[in-house]
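Single-letter residue listing:
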Amino acid sequence: MLIQEIKNLLRVLQENPREYMRQVAKEKNPPFNSKYERFFAKKEEVEPKKIEFELELVSNNTAGEIFRSAMSFWSVPISVGYGRRMRFIVWDKTHNKVFGIFGLCDPLIGLKVRDDYIGWDKKQKEERLYNMMTTYVLGAVPPYNELFGTKLVALTVGCKEVCQAFEEKYKGKKTIIRGRTPLAKLVAVDTMAFFGKSLIYEGLPEWQFLGFTKGLTHIHLNGLWEKCLELAREMGVRSLERNRFGHGPNWKFRVLREVFSRLGISDEYFDTGLARGYYFRPLVKEWREFLKGETDQLTYVNKTFEEYVEIWKSKYLKRRLKKWSGKAS
């Protein structure tokens, strides 16, 4: 019965992947909290030429709830990753509205397209993967997405202020698993586009498209999670007792795999058939030498938040003003 349900899900996914993922997103992503509705703009409230920006590192409950409400606008399911997390809100401070958000988390341990590009070995990766972060959510919220706003957010991810926030948060901190105190410098970020290559990164030379990655996931099986969890309890699977940091990157995935294994269900059902586009963004000149442990010297080549704002205003905002207002601006 479970196998048939999985097959049915995969069939629907393959017929219309975008609509299927939209439905999963509705079920999985945080709901919009109307308590914070005043922080989200209606189009008629915004005068694009007057927008001034502010970048906020989420550091309190209110900002966290606003961030979660912004996630409700995403039409693909968001996986918040694991391990270290940093969340940022890009504010339109002129109108006191959320312009966009991005979130960073620990990168995947095994990712062939990235590892081949960097050219590091296992030991080098164990030492320096710490100095990368993955962008698990990135984008502008309505109506700012109509202004090419997501391009500004994509630029902002790698700004100097983010690197400074990383250093301030992790400097002198011991890692939980290995108990070491690495150099708290962010030298690269990466991300994966859900449906292959993305227009978001077109024209943004800091972001490099390196290829496609598929891998295994459970995100399309979200509707079967409760049933599988009940089966896991009945079976007494070991992964249920290991739901904490340090026991692997994804507790839910490990529970599902153990249930599938006991039922004789193939791992092939964790393959959605969707190829994700992988994007990599170095922030320092010596990024490869540093990640391979060949140097500790770093020359940052990224820009400040304000510099990226000016680039976005001159290159992208001007192109959208006419369409926004419906007349020449």
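For the structure itself, look to the data block above.
In this report, the structure presented in the accompanying data block is examined.

Calculation criteria
- Residues numbered from 1 in each chain as written.
- Predicted model: local features only at pLDDT ≥ 70, side-chain atom pairs only at ≥ 80, totals over all residues.
- Heavy atoms only, no water.
- Helix = DSSP H or I, 4+ residues; strand = E, 2+ residues; numbered from the N terminus.
- Buried < 20%, exposed > 50% of the residue type's maximum accessible area, 1.4 Å probe, protein only.
- Contact = heavy atoms within 4.5 Å.
- Phe/Tyr/Trp six-rings, centres within 6.5 Å; stacked < 30°, edge-to-face > 60°.
- Lys NZ or Arg CZ within 6 Å of the ring centre and 35° of its normal.
- Salt bridge = Lys/Arg side-chain N within 4 Å of Asp/Glu carboxyl O.
- Pairing = 2+ DSSP bridges.
- Axes fitted to C-alpha atoms, helices over the stretch in contact; angles between N-to-C directions.
- Arc of directions from axis to C-beta.

1. Quick look at the overall build of the protein
Working step 1: Summing up its helical and strand segments, the protein has 11 helices and seven strands in all.
Working step 2: Looking at the protein as a whole, 48% of its 329 residues qualify as buried.
Working step 3: If you take every contact in the protein between residues at least 6 apart in sequence, the share linking residues at least 24 apart comes to 77%.

2. So, the packing of aromatic side chains
Working step 1: All chains considered together, the criterion is met by 20 aromatic pairs.
Working step 2: Arranged with centres 5.6 Å apart and planes meeting at 85 degrees, the rings of F99 and W312 form a pair that is edge-to-face. Of the two residues, F99 sits in strand β3 (residues 97–105) while W312 sits in helix α11 (residues 305–325), which places them 213 residues apart along the sequence. Neither F99 nor W312 differs from the other in exposure class; each is buried.
Working step 3: Summarising the aromatic geometry, the rings of F209 and F212 are spaced 5.2 Å apart at their centres and angled 75 degrees between planes, so their arrangement reads as edge-to-face.
Working step 4: Overall, F212 belongs to the partly exposed group, its relative accessible area being 48%.
Working step 5: Here a set of aromatic residues connected by ring pairs shows up, and it is made of Y201, W207, F209, F212 and Y279.
Working step 6: Geometry around Y117 places R288 over its ring, the cationic atom sitting 5.0 Å from the centre.

3. Some remarks on the pattern of salt bridges
Working step 1: Throughout the structure, instances matching the rule amount to 13 salt bridges.
Working step 2: Linking E52 and K313 is a salt bridge whose minimum nitrogen-to-oxygen distance equals 3.6 Å. Taken as a pair, E52 in the loop between α2 (17–28) and β1 (53–57) and K313 in helix α11 lie far apart in primary sequence, 261 residues in all.
Working step 3: Relative accessible area serves as the criterion here: at 39%, E52 is assigned to the partly exposed category.
Working step 4: Note on K313: relative accessible area 18%, which makes it buried.
Working step 5: Between R114 and D115 there is a salt bridge, with its nearest N and O atoms 2.9 Å apart. D115 shares its class with R114; the two are buried.
Working step 6: Among the charged side chains, a salt-bridge network with shared partners connects R114, D115 and K125.

4. With respect to the sheet that holds strand β2 (residues 85–92)
Hydrogen bonds along the backbone pair up the strands of a sheet, which may run parallel or antiparallel.
Working step 1: Strands sit in the order β1-β2-β3-β4-β5-β7-β6 across an open sheet of seven strands; the sheet is mixed. The sheet terminates laterally at β1 and β6 (208–213), the two strands that pair on one side only. Averaged over all pairs of adjacent strands, the angle between strand axes in this sheet comes to 25 degrees, irrespective of strand direction.
Working step 2: The strands that helix α3 (residues 61–71) touches are β1, β2, β3 and β4 (132–140); relative to β2, the one it contacts most, it runs at about 80 degrees.
Working step 3: Where α11 meets the sheet, it contacts β1, β2, β3 and β7 (276–282), and its direction lies at approximately 135 degrees from that of β1.

5. Some details on helix α7 (residues 160–170)
Working step 1: Within α7, the full set of buried residues consists of V162, C163, A165, F166 and Y170. On an axial view of α7, the arc spanned by its buried residues comes to 160 degrees, and they lie on one face.
Working step 2: Its buried side turned inward, α7 meets β1, β2, β3, β4 and α6 (149–156).
Working step 3: Trailing α7 by a residue or two, G172 shows a phi angle of about 80 degrees, which is positive.

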